[in-house]
Amino acid sequence: MEISGKRVLITGTSRGLGRTLAFAFGAAGAREVLAGARQAEDLESLRTEAAAAGLSITPIRLDVTSDDDVQAATKLGRIDILINNAGVASFGDPLELTFADIQREIDVNYLGVLRMVRAFAPAMTIHGDGMIVNIATILSKVNLPIVATYCATKAALLSLGQGLRAYLADKGVRVI
């Protein structure tokens, strides 16, 4: 897919891969990169760095577990490329982790992606064009016991992506 002139929305841009992707898409000529992050200091840091680099990156408050945040993001207009990057991991024995920690992984790594896709895919299908990129990991296929529950959520994400690909392919939306 051509990046030049496209509007891109990336979740989880406070650091790491998400932040790197935001700046890479900006440098590759995206018309606008909407960079989703939860913390005010991360949004300000993104704003400052983007301005210094002269890139069209617009930081937005976006917690993928929040219906309100996701709905607010949809009001910013049509997105050509959605990159579901936000993720959390709990470390330790799955028999000893708290259910709250495990639920947070499910809420962010799986349900957060589904929430984002349900919010943005309909407009893509209306236009007959779009791309959804779900960032998983090799750990979606091979479980590493120290992050067993994280691996399980990423395996669920991989499976969801396969299903979405089947439903959206004939509507012009690519899912990877």
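Note that the structure is predicted; figures quoted are calculated from it, not measured.

This next bit is on the overall build of the protein. From N to C terminus, the protein includes five helices and six strands. Going from the N terminus to the C terminus, the protein shows its helices and strands as β-α-β-α-β-α-β-α-β-α-β. Its C-alpha atoms give the protein principal-axis dimensions of roughly 45 × 40 × 30 Å. Counting the 176 residues in the protein, one finds 45% classified as buried. Per element, the accessible surface of the protein, about 8,700 Å² overall, is 58% carbon and sulfur. Distance between charge centres in the protein, computed from 18 positive and 18 negative side chains, equals 7 Å.

On to the nonpolar core, then. Ranked by size, the top nonpolar core spans 26 residues in total, and within it Leu9, Leu82, Met116, Phe120 and Ile132 carry the most contacts. Mapped onto this core, the elements with two or more residues apiece are α3 (67–74), α4 (99–127), α5 (148–168) and β6 (173–175). The dominant element in this core, judged by the number of residues it contributes, is α4, at nine residues. Leave out the neighbours within four places in its chain, and Phe120 touches Leu9, Ala73, Thr74, Ile79 and Leu82.

Here α4 crosses α5 at 15°, and the two axes come no closer than 9 Å. When the axis of α4 is compared with that of α5, the two are roughly parallel. Crossing of α4 against α5: the hand is right-handed. Between α4 and α5, the contacting residues are Ile102, Glu105, Ile106, Asn109, Tyr110, Val113, Leu114, Val117, Ala121 and Thr125 on the first element and Thr149, Tyr150, Thr153, Lys154, Ala156, Leu157, Leu160, Leu164 and Leu168 on the second.

The next subject is the pattern of salt bridges. Using the criterion set out here, one finds nine salt bridges in the structure. The closest approach of N and O atoms between Asp69 and Arg61, which form a salt bridge, is 3.7 Å. We note a salt bridge from Arg115 to Asp67, for which the minimum N-O separation is 2.6 Å. With Arg115 in helix α4 and Asp67 in helix α3, this residue pair connects regions lying 48 residues apart in the sequence.

Before going further, it helps to spend a moment on helix α1 (residues 16–27). Along its 12 residues, α1 runs 17 Å from first to last C-alpha, staying within 8% of the 16 Å computed at 1.5 Å per residue. Gly18, Arg19, Leu21, Ala22, Phe23, Phe25 and Gly26 are the residues of α1 that are buried. Elements in contact with the buried residues of α1: β1 (7–10), β2 (32–37), α2 (40–53), β3 (57–61) and β4 (81–84). Gly29, located one to two residues past α1, shows a positive phi value of around 100°.

Turning our attention to the packing of α3 against α4. It is at 10 Å that the axes of α3 and α4 come closest, and there the two elements cross at 30°. Taken together, the axes of α3 and α4 are roughly parallel relative to one another. At the point where α3 passes α4, the crossing takes the right-handed sense. Residues Asp67, Val70, Gln71, Ala73 and Thr74 of α3 form the contact with α4, whose participating residues are Arg115, Met116, Ala119 and Phe120.

How each quantity is defined
Residues numbered from 1 in each chain as written. Predicted model: local features only at pLDDT ≥ 70, side-chain atom pairs only at ≥ 80, totals over all residues. Heavy atoms only, no water. Helix = DSSP H or I, 4+ residues; strand = E, 2+ residues; numbered from the N terminus. Buried < 20%, exposed > 50% of the residue type's maximum accessible area, 1.4 Å probe, protein only. Areas by Shrake-Rupley, 256 points an atom, 1.4 Å probe, with all protein chains shown as cover. Lys, Arg positive; Asp, Glu negative; His and termini not counted. Charge placed at Lys NZ, Arg CZ, Asp CG, Glu CD. Core = buried A, V, L, I, M, F, W, Y, C linked by side-chain atoms within 4.5 Å. Contact = heavy atoms within 4.5 Å. Axes fitted to C-alpha atoms, helices over the stretch in contact; angles between N-to-C directions. Parallel < 35°, antiparallel > 145°, perpendicular 65-115°, else oblique. Left-handed = near helix turned anticlockwise from the far one by under 90°. Salt bridge = Lys/Arg side-chain N within 4 Å of Asp/Glu carboxyl O. Expected span 1.5 Å × (residues − 1).

By themselves, these observations are geometric and do not establish any function.
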